[in-house]
Structure formats: C-alpha cells, structure tokens
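Understanding the architecture of this molecule
Chain by chain, the residues run as shown.
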Amino acid sequence: MTDIITSIIAGGVVLAVTILFVSIGEVYNERAGVINLGLEAIIALSAFVGLWVTFETTPIFIMDPLLKHVPYILGTLAAIVTGAGVGLIHSFTCVKMRVNQLIAGLLILTLVDGLANFLNNIALQTTVPIVTILPPLIPQETGLADIPVLGEILFQHNAFVYLAYFLAIVFGLILYKTTWGLKIRAVGENPEACDAAGINVNLIRHLCDIFSGAMAGLAGAFMSLGYLGLYDSGIAGGRGWIAIIVVIFSRWSPFRAILGSLIFGLGYSVTANLIGGGFIPSNWNYLLLIMPYLVALVVIVLFRGTTKAPSALTVPYWRK
Amino acid sequence: MVKELEYKKIKTEKKTFFKYLNYLSYPIGLFLAIIVFSVTLLLLGYDPISALVSIPTGAFGNPNSFSETLIRFIPLLLTAMAFLIALKARFMNLGVEGQLYIGALLAYLVGARMEIVPSFIAIPLIFIAGFMGGVLWIAIPLIMKSKLGVNEIFPTVVMNFIAMFVIAWLTIGPLKDPASFNPRTPFLPESTWLPLIDLIFVSYIFVSIFGLAVTIKMYLKWKERKVHPTLYLALTFTFLTLTIIILSMGLLEAIEAITIGEYNIYRLHIGVFLVVIIALIIYMILYKTTIGYKIRAVGQNPRASEHGGVNVTRVVITAGLLSGGIAGLAGFMEVFGVHHFLIRGFSPGFGFIGIAVAALGVFHPIGVIFAAFFFAVLQVGGESMQRGAGIPVDIIFIMQAVLVLTVLIVQKWMSTRNSS
C-alpha cells in the first residue's frame, strides 16, 4: 500500500511540472492584462521542436561523456525560443493590433497545432524521432534516492522538475518583491494610471506575453525530453487548458500555482496508477480522465467570490 | 448651411470608402496565407504551384468531391452560427465542440430506439433531441454565468473535454458495437438516416437562392432611389431573369432525372438545405425581430440596454440556449447524415474551426455562409492534396489560421485609421 501511495505522490510531483511551467507564465501574462488561450498548442509545437533538435544533435555529442547533456540543453533552448516566437505573434496581434484576445488566442491555437502536426508528419516520412529521457539530476551514488519513501518522491527526478518548482518561487518573489513585479501588476489593474506614471504599458504586455509563450515552450520541452521521450499529436493532453484554470485557482500567484498544479498532477497520477495497477478495467480510463475537469469546474464555482481577476484582463490599451 | 451639407457629404463618402477598403483585408489575407503555404512547401522541397492547384480540383474536380465539400460545409456553418449568435449577446461560447458531441449523443440515444417508427416521424424527433442535447450542455455554463456570476470562458472549455471523454468512454464501453474493432456504436436503423439528395438539383437551387437574394438586394436599392435608380432597376430585372432561367433549368433537370430514373446521388444529404435555412432564420432573428434587436443591444452595451428596460440575463440565456442547440444540431447532422453511427472523435475540432469561420465571415450570418463554404473547399481540397502529393493536410489549418488572423488584424487596423 505504501508503495502505491509513494508512487502516486512521486508521479504527481512529476505530472504537475507541465502545468506549473505553463501557469507561471500565464500568471505573469494575465497580471499584465493579456490572456493567451493558445498555450495548449504551444506545448505541442515546442515539444516537437525540442525533441527534434535533441534528436538531431545527439549523434554530434555522443562521443564525449562530458557533453552528453548538451543536446538536451539545445533542445530546451529551441523549445523556449519557439514558444517565445509564438508568444510574440500573439502579442503583436492582441497588444499591438488590439484584436480580441480570446479569438486571436484560439486562432493561434489552430495555427500552432496545425504546424506541430504538419512538422511531425513531415518528420515521420523519414524517421521517428525518439530520445532517451533526461536522467535524474541527483546521481545514484549519493544514496539520496534510496531513502525509503522520500527518496522516490523528492530525489529521483530530472532537472526539469526541480527547475519548475525553483522558477515558481523565483518568479513569485519577482512578482511580489521587486519594482518590475509591481509594474506588471499595476499594468493589469490600471493601465491609464501606469501610462500617466511613465510606464510603457504595451512594452510590459509584450514582454509578459512572450514570457508566457517561453514558459509554455519550457513545458513542452519537459513533456518531450523529460517525460515521454517522443512526440504524439495529443502530447499536451489538455494540460494547457488546465494550467489556465490553475491560474484562476491560484488567484494569480505563482506560489499558489505550485499547490494548484500539484492537485491536478496528483489527479492525473491517481488515474494513471489505478489503471496501470489493474485496479479498474482499462476502458474506464476515459471516465477517470474526466475527473480533473470536474475538479476544475468545481474549483471555478467555489472560488468565484474570492478570486478577483486583474481589472484590465482582455482589455487592450491605447492612448485615446 | 450649404457648407455644412457639403461637409457631411464628404464625411459620409469617406466612411463608405473605408467600408469598402475593409473588403481589401480578404485579398491581403489570402495572399499572405498563400505565401506562407508556398514558402513552407518550398522549404520542404514540394512543388507549391501544383499543390495549390490541387486544392480547387480536389474540392470541385468531380461530382463526388463536390458532394464531399458540401458535406463538410454543413458542420462548419452550424458551429460558426452557434458561436456567432452567442457572441452577439456577448457570450463567448467556446464550448461548441462539447455541445456538438452531446447533441450527437442524445440524438443517437433517441435514434437507436426508432427502428419501427417511420422516418417522417423519427427524424423530427431526433432533430429535437439533438437540439436539446446541445441546450443541455450549454445550460450548465449559462446557469453558472447568470446565477453565480462565473465568467463563461472556462466552464465552456472544460465542458468540451468532459463531453469528449464521455463519448470516448461510451464508444469503447457500454454503447460499443461488439462486432467492430473501432471505438464505435452499432449502425443506426436505416429509417433514421437523413435522406440523400440529388447533387445537381442542390446546386441549381443554391444558385437560384443566391440569385434571388441579389435580386431582392438590388430591388431594395432601387426603392431607396438615392443613386443611379435606373441602373439598379436594370440590375434587378437582369438578376430576376437569370434566377428564373436557372430555376427552370433546375426544374427541367429534375423532371428529366425523375422520368429517366437517373439520379446524381452521392453522400450528400438533406442537411445541406436545413443548414442554409437555419442560417437564414438566424439572420432574420438577429436583424429583423425584437429579440434579435435586444440580443445585439446587449452585445453592444449591456449596461445601456439594462437601463433601456431589457432583461439582460434573459436575453443572454435565450441567445446561449439557441447557440447550444445549433451546435447540437451540427452533431446530429454529422452522425445521422454522414457516419450513421457514433464514433470516438467524429469531429476533427469543428467547434474550434467554427470560431475561425465566424471571424472570417465578420460575425455576420450571411458572411459566415460564404466563409464556411470557403473553409470546406480548403479542407476537402487539402485532404485530396494529402492523398495525391503526400503533403500533410495540417498545412490547411495553418493556412486558414493565417488567413483569418491577417483579416482580423487588417480590419482592426483600418477601423482605427477610420475612427481617428
């Protein structure tokens, strides 16, 4: 029994990472007053790009044991750049040209999803890109991973997992303790006042939108390089949408986003473990996959009073 | 006084000029989409010209592919309409996909029990069931919005996933056809299938409807007697004559087909008529009735219409339920007209493509009809391109998104130019 619970929690910690990466970026984006609904597709595209870059560069660095992580770094960087690029398209459309953010987000979802599947189908014509999953960060020799329960939960993960929780704390501190964070929060609440105070409203929004795209790219890199090792057209699996709901649940705070992501990650993990362990018939898995979304629906209803979205969310700003 | 009038005239002329400039966004968008398409294919070593040519030939090349295009046109038009009518009341219905699935499910559950019922009773009942399925699925976000004050965007999105997984579970679980390996249900009784119709006849009817619409438009212009009355009178008569000629040709064709007994029947079903009628009804509701006026007023400015004595909540709920019902009808037509069974993932994201269609049709019911047809041409042509040249059909989605994004950006840019 302890084994199952341990593996559920350890799986939850890993599965929360994708949602956490995306929701950190989206918290910043929504705090600045922009919402990007295309995150789901950005995860997929950057997962493919990251995987492909790593797959192509692995033979170059395979000879040198010191450089064996370089392909993963290159792949991750490529994924981040891809995500940021899509974020730039979104910010150009919504911030500069002031098109309706929701409609533009969904169009970018179609665009980027189509691009990811197109590139994947093109790649599949010659080869199937597969990489080995990034190994755990903490070496086996330290013995930390062998600690009975805590070892599996805390010390057997790869660099992405630690990076996610680390970044959540860092960006939480930046948002609440620095002038930049104050500016971002102010831009989302009252852009007119910010403009009067000499803050470049749209520059901050552009940067936040690009940042949220980059974080979704990081999430995609984790999915393909750190979790699956391959690409599949349904790789995001609704995690982009769940992340947007986690942002509401966490009341636009990166710290609380850790909690929200862990809850949904544990939900996914319970489903996976129940089916993998043979406790329930496998054709029930779709019924169990509904669970996170039901939880999300309940969360939205329960937190409706306490959550106050940034006032200028989805409202474009320009000098009248 | 004279000066003032002149000023007014210049101002209105300027406005109409910009109004027509707005249409320039379509060629610009199409141009950019084709550029993206060609550059992508060139980089990957395909021949973009032949690929581009294969799209219209794949969509119109033979009667069968034209019938496929019209079949694809049906769900695209309905989902776009569903999104549009809710948007007019400022309700972002992002859950069209889910309502489509549940509409199809409810219609299936009713239809599967209609083996002995004659089809002229069964099909209307199933039609209502499909409508109610969509209504049921949008009711939850609607209640959450109107009673609890929850923004509709996230509930509608979440309901999509729930609907998708419910269908996936049912088609491999309780409703699965034991004789099939695919995740699908048994075939529906044949009496509930939507009747097939003659392709040539449909084409003639559509062309004459279009001609009639243009005739009416010209007649109204002539009645205004503002500019060039003689020209518009002449145009009215020309289009009227053309329409009558086409209609009589269609009738002759139909009589000939009936006498010889030779029909041009492919997979095209009667839904193609129904959707165009539904689109026209929505146009009438939105622009010619009081409730439509209220819906548009609420969409323009909820607070002002509240002060004007409109019950905003009730108007939003009316528009929302209508939207969900139409989305449900899309699922009903897809299942009863094309597949004849319920299968996992029978909709390749029609709900989301519908939003792009609505945006391309500048959120106007008539514009959406043309936009939906254009998207159907692109998709069916793209599928034939995939079969022919081996280019993945996903590039069509890229092209569509680039086209709509460019159109939106250019229109927004021009409207800001216009106002300032």
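What counts and what doesn't
- Residues numbered from 1 in each chain as written.
- Chains lettered and ligands numbered in written order.
- Predicted model: local features only at pLDDT ≥ 70, side-chain atom pairs only at ≥ 80, totals over all residues.
- Helix = DSSP H or I, 4+ residues; strand = E, 2+ residues; numbered from the N terminus.
- Rg over C-alpha atoms; globule rule 2.2 N^0.38 Å.
- Buried ≥ 20, exposed ≤ 12 C-beta atoms within 10 Å, placed from the backbone.
- Contact = placed C-beta atoms within 7 Å.
- Core = buried A, V, L, I, M, F, W, Y, C linked by C-beta atoms within 7 Å.
- Nonpolar A, V, L, I, M, F, W, Y, C, P; charged D, E, K, R; others polar.
- Axes fitted to C-alpha atoms, helices over the stretch in contact; angles between N-to-C directions.
- Parallel < 35°, antiparallel > 145°, perpendicular 65-115°, else oblique.
- Left-handed = near helix turned anticlockwise from the far one by under 90°.
- pLDDT = per-residue confidence, 0-100.

So, on to the overall build of chain B. For chain B, the helix and strand inventory stands at 16 helices and two strands. Computed over C-alpha atoms, the radius of gyration of chain B comes to 23 Å, within 12% of the 22 Å expected from 2.2 N^0.38 for 420 residues, which places it in the range of a compact globule. The 420 residues of chain B split such that 46% are buried. Long-range contacts, defined as pairs at least 24 residues apart, comprise 79% of the intrachain contacts of chain B with a sequence gap of at least 6.

From N to C terminus, chain A includes 12 helices and zero strands. Element order for chain A, N to C, with α for helix and β for strand: α-α-α-α-α-α-α-α-α-α-α-α. Its C-alpha atoms give chain A a radius of gyration of 20 Å, near enough to 20 Å, the size a compact globule of 320 residues would have. Counting every position in chain A, which comprises 320 residues, the buried fraction comes to 52%.

Right, let's get into the environment of B:Ile343. Residues and elements named next belong to chain B. With respect to the helices, strands and loops of the structure, Ile343 is situated in the loop between helix H13 (312-339) and helix H14 (350-360). Along the backbone, Ile343 and Pro186 are 157 residues apart, and their C-alpha atoms lie at a distance of 9.5 Å. The residues contacting Ile343, other than those within four sequence positions of it, are Thr171, Asn182, Pro183 and Arg184.

So, on to the environment of A:Leu287. Its location among the elements puts A:Leu287 in helix H12 (residues 285-302). Residues A:Leu287 and A:Val315, spaced 28 residues apart in sequence, show a C-alpha to C-alpha distance of 37 Å.

This next bit is on the nonpolar core. Among soluble globular proteins, nonpolar side chains are generally buried collectively. Core analysis: the largest hydrophobic core is formed by 232 residues, its most contacted members being A:Ile245, B:Leu77, B:Ala80, B:Met81, B:Val357, B:Val368 and B:Ala372. Looking at this core, the element that brings in the most residues is helix H4 (residues 63-88) of chain B, giving 16 residues. Excluding its chain neighbours within four sequence positions, the residues that come into contact with B:Leu77 are B:Val275, B:Ala279, B:Val368, B:Ile369 and B:Ala372.

To continue, consider helix H10 (residues 239-249) of chain A. Of all 11 residues in H10(A), 11 are buried; the element is thus mostly enclosed. Looking at H10(A), one finds that the buried residues are A:Arg239, A:Gly240, A:Trp241, A:Ile242, A:Ala243, A:Ile244, A:Ile245, A:Val246, A:Val247, A:Ile248 and A:Phe249. Those residues of H10(A) that are buried lie in contact with helix H1 (2-31), helix H2 (39-61), helix H9 (201-228), helix H11 (254-276) and H12 of chain A together with helix H7 (153-172) of chain B. Just downstream of H10(A), A:Arg251 is the residue with a positive phi angle, here 50°.

Moving on to the interface of chain A and chain B. You'll often see interface size given as the accessible area lost when the parts meet. Every contact between the two is made by 36 residues of chain A and, on the other side, 37 residues of chain B. Among the secondary structure elements, those contributing two or more residues to the side of chain A that touches chain B are helix H4 (101-124), H10 and H12 of chain A. Per-class residue counts for the side of chain A that touches chain B are 26 nonpolar, seven polar and three charged.

Residues and elements named next belong to chain A. Examined against the element boundaries, Ile174 turns out to sit in helix H6 (residues 159-177). In the structure, Ile174 is positioned 80 residues away from Pro254 in sequence and 9.9 Å away in space, judged by C-alpha atoms. Once residues lying within four places of it in the same chain are set aside, the contact partners of Ile174 are Trp180 and Gly181.

Before going further, it helps to spend a moment on helix H7 (residues 179-189) of chain A. Turning to H7(A), its buried residues are A:Ile184, A:Ala186, A:Val187 and A:Gly188. Looking at the buried residues of H7(A), the elements they touch are H1, H6, helix H8 (191-196) and H9 of chain A.

All names here are of chain B. It is at 10 Å that the axes of helix H6 (residues 119-148) and H7 come closest, and there the two elements cross at 150°. By the criterion of interaxial angle, the relationship of H6 to H7 is roughly antiparallel. Considering how the two elements wind past one another, H6 and H7 form a crossing that is right-handed. On the side of H6, the interface is formed by Trp137, Ile140, Pro141 and Met144, while H7 contributes Pro155, Thr156, Met159 and Ala163.

Residues and elements named next belong to chain A. Where H1 contacts H10, the two axes come as close as 8 Å, and the packing angle between them is 55°. Judged by the inter-axis angle, H1 sits oblique to H10. Of the two elements, H1 crosses H10, and the hand of that crossing is right-handed. Along the contact surface, H1 presents Thr18, Ile19, Val22, Ser23, Glu26, Val27 and Glu30, while H10 presents Arg239, Gly240, Ile242, Ala243, Ile244, Val246 and Val247. Counted by class, the contact of H1 with H10 contains eight nonpolar, three polar and three charged residues.

On to the confidence of the model for chain B. In this model, chain B carries an average pLDDT of 88, and 95% of its residues clear a pLDDT of 70 or more. Reported for the predicted complex are a pTM of 0.90 and an ipTM of 0.91.

So, on to unusual backbone geometry. All names here are of chain A. Within the chain, Arg251 stands out as a residue other than glycine whose phi angle is a positive 50°. Tracing the backbone through its elements, the reader meets Arg251 in the loop between H10 and H11. According to the C-beta neighbour criterion, Arg251 is partly exposed, with 16 such atoms within 10 Å.

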